[in-house]
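Descriptive structure summary
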Amino acid sequence: RPDQHRGEILDELAEHQIDEQSTTSISPVLGPLAGVKVLDLGIVLSGPCCGRTLAELGADVIKIDDPNRGGVLYHHDINRGKRSILIDLDTDDGQDVFWEHVQTTDVIVENFRPGVVEDLGIDYESVREERPEIVYASINAYGQRGPWAELPGYDETVEALTGLQVRYGGAEQPTVWPYGEVNDYGAGYAAAFGVVLALLDRNLTGEGQRVTTSLAGTAGTLQSMFLIDHGEKAWTEPSGPAARGFGPVQRLYRCEDGWIFLGARNPSQLEPILGEVGPDVGEQLGQWCGQRSAADAVELLVKHGMGANELTWINEAMMDPVVVRRGLSVIREQGRIGLLRTTGPGPWLSRSMLHAGRPASTPGADAESVLAEIDMADALARLIEDGVIEAPGT
C-alpha cells in the first residue's frame, strides 16, 4: 500500500551513517567506467547497443566483427566510441588474438543464439576458467534456457509473440514496427545495466559473473503497465491504428494545420478554455482544436497547466537547438561520408561526463592498435595475408 513502509524507512534513516572510506573515486572527465575494457562480439543491434552504452560511460570497447558476415549492419549508429577489428574467430590465429585480449578484459558482450559461442570455445564457462573475474553479458531473442532458447529470432518476431504488434496495430491489421527496433535497443540497455551491476558486485567480492537478458524479456518490461493481472482486470486498453489515446484528456487531436497530443490530469483543467465540460469533452476539445493552429492550441493548453506538443517528425526534433546543446543530437565529420548526425547519450551525470565517443571507425580500421595492445602489431600483415584479419582496402 502507498506509505506502508514509512516507519521502517524512517527508522533506517535515523541509524544510517555514511562510510566515507567506502566511496569509490571516478574520473569526472573520462566517465564512470574509465579503465574498464570490453570485448564487444555483438551483431546487428542489441549486443552492439550494450557495447555502445558502455563506451558512452567511458569504457574502452573493442568491437570484434566477423569479416565473413558480409558487412557490419547499423555500424555508424551502434559502433561509435569503439575501436574496430575484423577477425575470423574460426581460425587458430583469430583465437590467439581473442584469448590474448581476454587476459586484460573486464567485460565480454555477445548476442548470438545459444550454441554459437560454445562451438567457438569462447562461451562464459570457457572464459571464466581462464579469467574468473570476467563479466560476460549474453543477449538473445527468447532467453538462455527453455524450449525456445535456441530458436532464431528478430525484433519483429518477438513483437509478434509478445503482443506489441497487436497492441499498436490492432488484431485485424497489426503493424510491423510499433516503435522500430524497440526490443533490440531495450535489451541492449538492460544488458548494459546488468554489466554495471556486475562490475559493482565485483568491486565488493572480486568475482565475475554472467549477465543475461533477452528481447522477449525486454518486451515484457516495456509493456509492464499493461500486464498487471488480477480478478477484476479488464483488458480494455486502446489498441490499433484508430486509437488516439487513453481517453479525452490523454489523446491526439487534429488542429487546422496538424496534430497535437494533449496530456492532462482530468477534464476540469479544460474549463478555462472550454467553459463547462461534460461527458462529451472529447468532442468539445476536438472542435476547439479544429478552429486554431497546432501552435496556438499548444500555447493555450500549456498556459493552463497541461502538457501538450505538436507532432514532430524526428529529423526536426534532432535539429532543435536545445536538443543539440544538450548533446542528444551530435554532428561530426565522418570520413568519406562528410557531416554525420547521430544521437548522443541519454543519461546526464552532474559530476562525471558521458561521451558520444568518436564517430564509428571504418570496420577493421583499428586492427593495428588492437594488436599492439597484445604485442602482436608485427603480425598484422601476415594475419591479413592469411585471411584471419580484414583491414580497410584489403
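Shown above is the structure to which this text applies.
Notes on the structure follow. (Residues numbered from 1 in each chain as written. Predicted model: local features only at pLDDT ≥ 70, side-chain atom pairs only at ≥ 80, totals over all residues. Heavy atoms only, no water.)

The next point concerns the overall build of the protein chain. Check the secondary structure of the protein chain and you find 17 helices and 13 strands. In terms of principal-axis extent, the alpha carbons of the protein chain reach across some 80 × 60 × 45 Å. Here the protein chain, with 394 residues, has 41% of them falling under the buried criterion. Sequence-distant contacts, at least 24 apart, represent 63% of the contacts inside the protein chain between residues at least 6 apart. (Helix = DSSP H or I, 4+ residues; strand = E, 2+ residues; numbered from the N terminus. Buried < 20%, exposed > 50% of the residue type's maximum accessible area, 1.4 Å probe, protein only. Contact = heavy atoms within 4.5 Å.)

Right, let's talk about unusual backbone geometry for a bit. Despite not being glycine, V44 has its phi angle at roughly 60°, a positive value. Among the secondary structure elements, V44 is positioned in the loop between β1 (37-40) and α2 (46-56). By relative accessible area, V44 is classed as partly exposed at 32%. One non-glycine residue, D375, lies in positive phi territory at about 55°. In this structure D375 comes out as exposed when scored by relative accessible area, which is 74%.

A packed helix pair is summarised by two numbers, namely the angle formed by the two axes and the spacing between the axes. The geometry of α2 relative to helix α9 (residues 182-205) is characterised by a closest axis approach of 7 Å and an angle of 45° between their N-to-C directions. Comparing the axis directions of α2 and α9 gives the class oblique. In this structure, the crossing between α2 and α9 has a hand that is right-handed. Two secondary-structure elements touch here, α2 through S46, C49, C50, R52, T53 and L54 and α9 through D184, Y185, A187, G188, Y189, A191, A192, V195 and V196. For the contact of α2 with α9, the residue count by class is 10 nonpolar, three polar and two charged. (Axes fitted to C-alpha atoms, helices over the stretch in contact; angles between N-to-C directions. Parallel < 35°, antiparallel > 145°, perpendicular 65-115°, else oblique. Left-handed = near helix turned anticlockwise from the far one by under 90°. Nonpolar A, V, L, I, M, F, W, Y, C, P; charged D, E, K, R; others polar.)

By size, the foremost hydrophobic cluster in this structure holds 30 residues, and its most contacted members are I64, F98, I108 and I389. Secondary-structure elements contributing two or more residues to this core are β2 (60-65), β3 (82-87), α4 (92-102), α6 (124-130), α16 (367-372) and α17 (380-385). Beyond its immediate stretch of four places on either side in the chain, I108 contacts L39, L41, F98, V102, V127, I134, V135, Y136 and A137. Of all hydrophobic cores here, the second largest spans 29 residues; its members include V38, C50, V61 and V195. (Core = buried A, V, L, I, M, F, W, Y, C linked by side-chain atoms within 4.5 Å.)

Next up on the list: helix α12 (residues 281-290). Taken as a whole, α12 has its buried residues at V281, G282, L285, W288 and C289. Down the axis of α12, the sector holding all buried residues measures 125°, keeping them to one side. On its buried side, α12 packs onto β8 (250-254), β9 (259-263), α11 (271-274) and α13 (294-303). (Arc of directions from axis to C-beta.)

What follows covers the environment of Y142. Its location among the elements puts Y142 in the loop between β5 (135-140) and α7 (155-161). In this structure the C-alpha to C-alpha distance between Y142 and Q284, which are 142 residues apart in sequence, comes to 46 Å. Setting aside chain neighbours within four positions, we find Y142 in contact with W148, L151, P152, G153, T157, V158, L161, S214 and A216. Reaching out from Y142, the side chain makes a polar contact with the side chain of T157 at a distance of 3.2 Å. (Polar contact = N/O pair within 3.5 Å; in protein donor to acceptor, adjacent residues only side chain to side chain.)

Another point: the pattern of salt bridges. Enumeration according to the criterion identifies 13 salt bridges in this entry. Residue D60 pairs with R83 through a salt bridge whose shortest N-O separation is 2.9 Å. One end of the pair, D60, is in strand β2; the other, R83, is in strand β3, with 23 residues separating them in the sequence. The exposure class of D60 is partly exposed, given its relative accessible area of 31%. Given a relative accessible area of 15%, R83 falls into the buried group. (Salt bridge = Lys/Arg side-chain N within 4 Å of Asp/Glu carboxyl O.)

The next thing to look at is the sheet that holds β1. Reading across the sheet, the seven strands line up as β6-β5-β4-β1-β2-β3-β13 and stay open at both edges, with mixed pairing between neighbours. The open sheet terminates on both sides in strands that have one partner only, identified here as β6 (209-214) and β13 (389-390). Here β1 runs beside β2; their pairing, made up of four bridges, is parallel. Residue pairing in the sheet places D40 in a bridge with K63 of β2. Sheet contacts for α9: β4 (107-110), β5 and β6; angle to β6, the most-contacted strand, approximately 160°. (Pairing = 2+ DSSP bridges.)

Let's shift gears to the sheet that holds strand β7 (residues 245-247). What holds strands together in a sheet is hydrogen bonding between their backbones, with the strands either parallel or antiparallel. Strand order across the open sheet formed by four strands is β7-β8-β9-β10, with antiparallel pairing between neighbours. Looking at which strands have only one partner, the edges of the open sheet turn out to be β7 and β10 (307-310). For this sheet, the mean inter-axis angle between neighbouring strands, taken without regard to orientation, is 35°. In terms of strand pairing, β9 meets β10 through four bridges, oriented antiparallel. The residue of β10 that forms the bridge with L262 is A308.

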